[in-house]
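# Coordinates in review
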Amino acid sequence: KAGVTQTPRYLIKTRGQQVTLSCSPISGHRSVSWYQQTPGQGLQFLFEYFSETQRNKGNFPGRFSGRQFSNSRSEMNVSTLELGDSALYLCASSLLVAAPEETQYFGPGTRLLVL
Amino acid sequence: DAKTTQPNSMESNEEEPVHLPCNHSTISGTDYIHWYRQLPSQGPEYVIHGLTSNVNNRMASLAIAEDRKSSTLILHRATLRDAAVYYCILRESYGAQKLVFGQGTRLTINP
């Protein structure tokens, strides 16, 4: 079974631009979560989607948004990029939502550099 | 969000056991204890989880204190491939799938 895939793997943008990152979960998984990883803040939760609905959102500004499609694939968008948005963006999928024993499977991440 | 405390770094030798501690004194009765690790240049990967009893799988063992205020991840024979940042995370019994990561323990394995 293929793992979580994320595209693109690397991206360079300039301040003020917007970016869209894509995540394809493991086949059969319906929950997709997004995380941001930076050297200063570590791994932080962005949001989670299940059945095309956002179920939970982290403490990030409205410039960060996401969506999930009927095939469970998900995209996240960052508008008006700032230098501080440079980070590794990780996507994780799981079979179900809101089950505390549920395991999350992470993709390799998209490394975004904002110049 | 429930919090965990881990040492910033640990070092061990190849083929020796490694015990990674985690304190979670504010754990509630229904919180699950999860461990993930992140190898260099990769996304985190699941290691093991438990609720009350000790757990074993092909990767590691999880020893949970009787009062559940601490736990220990045990790698029985460390290899160079086990060098990673290990995260101890509490998953609430209610709520969504989000994982709240702390700073983790950076494990170095000496050949």
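Above this text you will find the structure in question.
Our subject in this report is the structure included herewith. (Residues numbered from 1 in each chain as written. Chains lettered and ligands numbered in written order. Predicted model: local features only at pLDDT ≥ 70, side-chain atom pairs only at ≥ 80, totals over all residues. Heavy atoms only, no water.)

## Side note on the overall build of chain A
Note the cut-off: Numbered from the N terminus, helices here are DSSP runs of H or I no shorter than four residues, and strands are runs of E no shorter than two. When we talk radius of gyration, it's over C-alpha atoms, and the globule rule is simply 2.2 Å times the number of residues to the 0.38. Note on classification: 1.4 Å probe, protein chains only; a residue is buried when its accessible area is under 20% of the maximum for its type, exposed when over 50%, partly exposed between these limits. Contacts are assigned to residue pairs that have any heavy atoms within 4.5 Å of one another.
What chain A contains, in helices and strands, is 0 helices and 11 strands. Traced from its N-terminal end to its C-terminal end, chain A shows the element sequence β-β-β-β-β-β-β-β-β-β-β. Relative to a compact globule of 115 residues, whose C-alpha radius of gyration would be 13 Å, chain A shows 13 Å and is just as compact. The proportion of buried residues among the 115 residues of chain A is 50%. Sequence separation of 24 or more characterises 55% of the internal contacts of chain A that already satisfy a separation of 6 or more.

## Observations concerning the state of the cysteines
Residue and element names in this part refer to chain A. Selection rule: Cysteine sulfur atoms that pair up within 2.5 Å are treated as a disulfide.
Applying the stated criterion to the full structure yields 2 disulfides over all chains. Sulfur-sulfur distance for the disulfide between C23 and C91 comes to 1.7 Å. On the sign convention where negative is left-handed, the bridge of C23 and C91, at about -55° about the S-S bond, is left-handed. Of the two residues, C23 sits in strand 3 (residues 19–24) while C91 sits in strand 9 (residues 87–94), which places them 68 residues apart along the sequence.

## Some remarks on the environment of H24 of chain B
Residues and elements named next belong to chain B. The test is simple: A 3.5 Å cut-off defines polar contacts: any pair of N or O atoms within that distance qualifies, except that in protein one atom must be a possible hydrogen donor and the other a possible acceptor, and neighbouring residues in sequence count only when both atoms are side-chain atoms.
In this structure, H24 sits in the loop between strand 2 (18–23) and strand 3 (32–38). For the pair formed by H24 and R68, sequence separation is 44 residues and the distance between their alpha carbons is 7.7 Å. Setting aside residues no more than four positions away along its own chain, H24 makes contact with K3, T4, I33, R68, K69, S70, S71, C88 and L90. At 2.8 Å, the side chain of H24 and the backbone oxygen of R68 are in polar contact.

## Describing the sheet that holds strand 7 (residues 70–75) of chain B
All names here are of chain B. Rules: A strand pair is defined by DSSP finding two or more bridges across the two strands.
Across the sheet, which stays open at both edges, the 4 strands sit in the order 2-7-6-5 with antiparallel pairing between neighbours. Two strands in the sheet have a free side with no partner beyond their single neighbour: strand 2 and strand 5 (55–56). Across 6 bridges, the pairing between strand 2 and strand 7 is antiparallel. Its bridge partner lying in strand 7, P21 is registered against T72.

## Thoughts on the pattern of salt bridges
Stated precisely, the cut-off is as follows: Any carboxyl oxygen of Asp or Glu within 4 Å of a side-chain nitrogen of Lys or Arg constitutes a salt bridge here.
A complete count under the given rule lists 7 salt bridges over all chains for this structure. Here R67 of chain A and E75 of chain A are joined by a salt bridge, their closest N and O atoms 3.3 Å apart. The exposure class assigned to R67 of chain A is partly exposed, which follows from its relative accessible area of 46%. One salt bridge in this structure joins R77 of chain B and E15 of chain B, with 3.3 Å as the shortest N-O distance. A residue pair is termed long-range when its members are at least 10 positions apart, and R77 of chain B in the loop between strand 7 and strand 8 (84–91) and E15 of chain B in the loop between strand 1 (9–13) and strand 2 qualify at 62 residues. Each member of the pair R77 of chain B and E15 of chain B is classed as exposed.

## Topic: the interface of chain B and chain A
As a measure of interface size, the accessible area lost when the parts come together is often cited. The condition is simple: Joining two parts hides part of their accessible area as seen by a 1.4 Å probe, and the buried area is that hidden amount summed over both. All amino acids are sorted into three groups, where Ala, Val, Leu, Ile, Met, Phe, Trp, Tyr, Cys and Pro are nonpolar, Asp, Glu, Lys and Arg are charged, and the leftover types, Gly among them, are polar.
Chain B puts 19 residues into the contact, and the matching count from chain A is 24 residues. In this assembly, chain B packs against chain A so that about 1,700 Å² is buried in total across both faces, 53% of it on carbon and sulfur atoms. If you look at where chain B meets chain A, you find 0 salt bridges. The interface formed by chain B and chain A contains 4 residue pairs in polar contact (both at pLDDT 80 or more). The element best represented in the side of chain B that touches chain A is strand 3 of chain B, accounting for 4 residues. Classifying every residue of the side of chain B that touches chain A by side-chain character gives 8 nonpolar, 8 polar and 3 charged.

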